[in-house]
Amino acid sequence: MSEGTLELWAKPLANNEWALMILNRGAGAISYKVDWKKNKISDDLSKRELDINKTAYRWLEAWSGKTGDTGKNLDLSIASHSVAMLHLKAK
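## Section: the overall build of the protein chain
Move 1: Along the backbone of the protein chain there are zero helices and 10 strands.
Move 2: Secondary structure of the protein chain in N-to-C order comes out as β-β-β-β-β-β-β-β-β-β.
Move 3: Over its C-alpha atoms the protein chain spans a radius of gyration of 13 Å, differing by no more than 12% from the 12 Å that the globule rule assigns to 91 residues.
Move 4: Expressed along its principal axes, the backbone C-alpha trace of the protein chain runs to roughly 35 × 25 × 20 Å.
Move 5: For the protein chain, buried positions account for 33% of its 91 residues.

This is the structure:
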């Protein structure tokens, strides 16, 4: 999925876990809000779907070590040509 200079990449993992990468391809830093309940994410290869309306997840941001859950939106600031890398585990 892409929105302007942002790209979202998702990879289903074992045990109903997911890896999400949000890439800023732009020349400047960008703020991005992840509205977990707004969009479903699916993987055509595995036929799996990440639907926060059905399953709640805890997340860990790989670079900062920040944690949270999908019960509320996530506000990110992503530097130019950088990524936010999230690991989601079902609660």
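## A look at the pattern of salt bridges
Move 1: A complete count under the given rule lists four salt bridges for this structure.
Move 2: Residues D75 and K33 are paired through a salt bridge, measuring 4.0 Å at the closest nitrogen-oxygen approach. You can see D75 sitting in strand β9 (residues 74-78) and its partner K33 sitting in strand β4 (residues 30-34), a full 42 residues away along the chain.
Move 3: The partly exposed category is assigned to K33, whose relative accessible area is 48%.

## Thoughts on the sheet that holds strand β1 (residues 2-3)
Move 1: With respect to topology, six strands assemble into an open sheet ordered β1-β2-β3-β10-β7-β8, the strand pairing being antiparallel. Of all strands in the sheet, those with a lone pairing partner are β1 and β8 (67-69), marking the two edges.
Move 2: Sheet topology places strand β7 (residues 57-61) next to strand β10 (residues 83-90); five bridges connect them, and they run antiparallel. Opposite E61, over in β10, you have L86 as the bridge partner.

The rules we used
Residues numbered from 1 in each chain as written. Predicted model: local features only at pLDDT ≥ 70, side-chain atom pairs only at ≥ 80, totals over all residues. Heavy atoms only, no water. Helix = DSSP H or I, 4+ residues; strand = E, 2+ residues; numbered from the N terminus. Rg over C-alpha atoms; globule rule 2.2 N^0.38 Å. Buried < 20%, exposed > 50% of the residue type's maximum accessible area, 1.4 Å probe, protein only. Salt bridge = Lys/Arg side-chain N within 4 Å of Asp/Glu carboxyl O. Pairing = 2+ DSSP bridges.

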